[in-house]
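# Structural overview
Below are the chains, spelled out letter by letter.
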Amino acid sequence: MRLASLGSARRYGNLMNESRTIKTKVFASIRDVPRQQWNDLTGKHSCSLSWEFWELIEKSGLNDFSYRHVLFYDDAEKPVALTSFYSITTDIAIFAPAGLRKALAGIRRVFPNFFKLRMLECGAPITVNSPPFAVDAGVSEQDIIKALSELLLATAKKEKHLLIVIRDFEPNAAHLQRDFEKRGYHWVESLPNTYMDIQWSSPEDYRSSMKSYYRSKLLKHLRRNEEQNIRHELVDDFADLAETLCAQWMVVHNHAAEFQREVLTPDFYRRLSSSMGARSKALLFYQQEKLVGHALLLADGDLLRWLYFGRTEAENDSLYIYVGNAVIESAILLGAKRLELGLTTYPVKKDLGAQMTPIMLALRTPYSFANPLVGWIYPLVNHTPPVHNRNIFKGSGKRRNAK
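Residues numbered from 1 in each chain as written. Predicted model: local features only at pLDDT ≥ 70, side-chain atom pairs only at ≥ 80, totals over all residues. Heavy atoms only, no water.

## A closer look at the packing of helix α8 (residues 212-227) against helix α11 (residues 319-334)
Running from amino to carboxyl end, α8 crosses α11 at an angle of 110°, the nearest separation of the two axes being 9 Å. As judged from the angle between their axes, α8 and α11 are roughly perpendicular. Of the residues in α11, those in contact with Leu-218, His-221, Leu-222 and Asn-225 of α8 are Leu-319, Ile-321, Tyr-322 and Asn-325. Here the contact of α8 with α11 is built from residues that sort into five nonpolar, three polar and no charged. (Axes fitted to C-alpha atoms, helices over the stretch in contact; angles between N-to-C directions. Helix = DSSP H or I, 4+ residues; strand = E, 2+ residues; numbered from the N terminus. Parallel < 35°, antiparallel > 145°, perpendicular 65-115°, else oblique. Contact = heavy atoms within 4.5 Å. Nonpolar A, V, L, I, M, F, W, Y, C, P; charged D, E, K, R; others polar.)

Here you go:
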């Protein structure tokens, strides 16, 4: 077992409080982590925290991520919690409004790295996991937060990172805000997520439960796609399409107006298909026999995650609405209880019935004298849309297995 030098218990010592001694071990690669210990802690959590998922992420070559993984041990040497963190070059104004984004684009023609920092980030790089750590039953989250905060501060100072970002915190983790603020973190808004509770027994029941305005709007766009001979199929094995699917995703990524961060690779698609088996799925969209788009899905327990969307051409047409409806149909037919539709493109997703959910980040700089500026600068250069939801349904749909 190879441990990163930052994680040695001797170097950092025991992280103490009144109730429990917590020791940390930091691993430079998920392949150095004891797989059974890691997966025993993630068993009741998202499969995107699993050893196998992290291995495929590490091997996929996304951006310039440099990953590390932490196991927390109690004084009996029992692993009681885990998390991962990484260094990544990120735009400080990642959620900047359109005007600022345009100005920054102009400046970066001359200074490519203007307003970009190599920062330390804790959480999951491509999925939302709230909170961003798994803690064993009966273990105090406050103890883990204390140990994690001290570890990240020591790492950031040693490696000269100007910013620490801990992500993501949805409403289920709102109770942790005070513990992070005690340790100097600013609790700030990120882009909201979108979810839909799957309460229908069939796709037809889903559409019939919509208010007439939204149903007629959806059906109009579905007819347009049918007239253009658009069809779709759901597959579990898409490794042989990795190059094509990644190229389609890049078309969407390069035209994104709201948010750009991770850059996918063909190897990511290939490894997701092979490593996650039937849990990873691709909805493939054809116009006659030509593959014109895809939606990448991950079956994560009772939750179906819509990870990414790609298409061959960037056009303002009805295809995205057709794709969104097909994703919802797939969630119903797969027996998911909840569907995550992800960040951005909120108007379309809300018209399909998704609900926006706030996400918060915990930010701080390791330099105390400059830390107050973080809470002032971040909201000044970043704009996140307000969480406004609408009820597009005329009543609750027929629940699966309803009596």
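From this point, the narrative continues.
## Re helix α5 (residues 141-159)
Between its terminal C-alpha atoms α5 stretches 26 Å, which fits the 27 Å expected from 19 residues at 1.5 Å a residue. When α5 is considered as a whole, its buried residues turn out to be Asp-143, Ile-144, Ile-145, Lys-146, Ala-147, Leu-148, Ser-149, Leu-151, Leu-152, Leu-153, Thr-155 and Ala-156. Within two residues after α5, Lys-160 carries a phi angle of roughly 60°, on the positive side. (Expected span 1.5 Å × (residues − 1). Buried < 20%, exposed > 50% of the residue type's maximum accessible area, 1.4 Å probe, protein only.)

## Digging into the sheet that holds strand β12 (residues 290-300)
In spatial order, the strands read β10-β11-β12-β13-β14-β9-β15; together these seven strands make up an open sheet with mixed pairing. Where the open sheet ends on each side, the last strands, each with one partner, are β10 (230-235) and β15 (355-357). Ignoring strand direction, the axes of neighbouring strands in this sheet form an average angle of 25°. Here strand β11 (residues 280-287) runs beside β12; their pairing, made up of eight bridges, is antiparallel. Counted as the bridge partner of Lys-281 is Leu-297 from β12. Where helix α9 (residues 242-254) meets the sheet, it contacts β11, β12 and β13 (303-311), and its direction lies at approximately 80° from that of β13. (Pairing = 2+ DSSP bridges.)

## Side note on the pairing of β13
Burial within β13 is extensive, with nine of its nine residues counted as buried. Of the strand pairs in this sheet, β12 and β13 are connected by eight bridges, and their pairing is antiparallel. Looking at β13, one finds that Leu-297 is bridged to Trp-306. Hairpin connection from β12 to β13: two residues lie between these consecutive antiparallel strands, with Gly-301 at a positive phi of about 65°. With three bridges connecting them, β13 and strand β14 (residues 338-340) associate as parallel partners. The residue of β14 that forms the bridge with Leu-304 is Leu-339.

## With respect to the packing of aromatic side chains
All chains considered together, the criterion is met by 19 aromatic pairs. Look at Phe-65 and Tyr-67: their rings are 5.5 Å apart centre to centre, the planes differ by 15°, and that puts the pair in the stacked class. Of the two residues, Phe-65 and Tyr-67, both sit in the buried class. For the ring pair Tyr-367 and Phe-369, a centre distance of 6.4 Å and an interplane angle of 50° mean the geometry is tilted. (Phe/Tyr/Trp six-rings, centres within 6.5 Å; stacked < 30°, edge-to-face > 60°.)

## A closer look at the pattern of salt bridges
Scanning the entire structure with this criterion turns up 23 salt bridges. The residue Arg-231 makes a salt bridge to Glu-289 at a minimum N-O spacing of 3.4 Å. Note that Arg-231 is positioned in strand β10 and Glu-289 in the loop between β11 and β12, a separation of 58 residues in sequence. Judged by its relative accessible area of 30%, Arg-231 is partly exposed. For Lys-337, the salt bridge goes to Asp-302, with nearest N and O atoms at 3.9 Å. Here Lys-337, found in the loop between α11 and β14, pairs with Asp-302, found in the loop between β12 and β13; they are 35 residues apart in sequence, far enough to count as distant. (Salt bridge = Lys/Arg side-chain N within 4 Å of Asp/Glu carboxyl O.)

## Comments concerning the nonpolar core
Within the largest apolar cluster, 48 residues are counted, with the highest numbers of intra-cluster contacts made by Ile-57, Phe-268, Tyr-269, Leu-272 and Tyr-308. Of the residues forming this core, the biggest block, five residues, is contributed by helix α3 (residues 51-59). Setting aside chain neighbours within four positions, we find Tyr-269 in contact with Phe-238, Ala-242, Leu-245, Cys-246, Trp-249, Leu-264, His-294, Leu-296 and Tyr-308. Formed by 35 residues, the second largest nonpolar core is a distinct cluster that contains Tyr-206, Ile-230, Ala-299 and Ala-336. (Core = buried A, V, L, I, M, F, W, Y, C linked by side-chain atoms within 4.5 Å.)

## Notes on the packing of helix α2 (residues 35-42) against α3
Two elements in contact, α2 and α3, have axes whose closest approach is 9 Å; the angle formed by their N-to-C orientations is 115°. Between α2 and α3, the crossing angle belongs to the class labelled roughly perpendicular. For the pair formed by α2 and α3, the contact residues are Arg-35, Trp-38 and Asn-39 on the first element and Trp-51, Glu-52 and Trp-54 on the second. Taken together, the residues of the contact of α2 with α3 sort by class into three nonpolar, one polar and two charged.

That is the geometry; function is a separate question.
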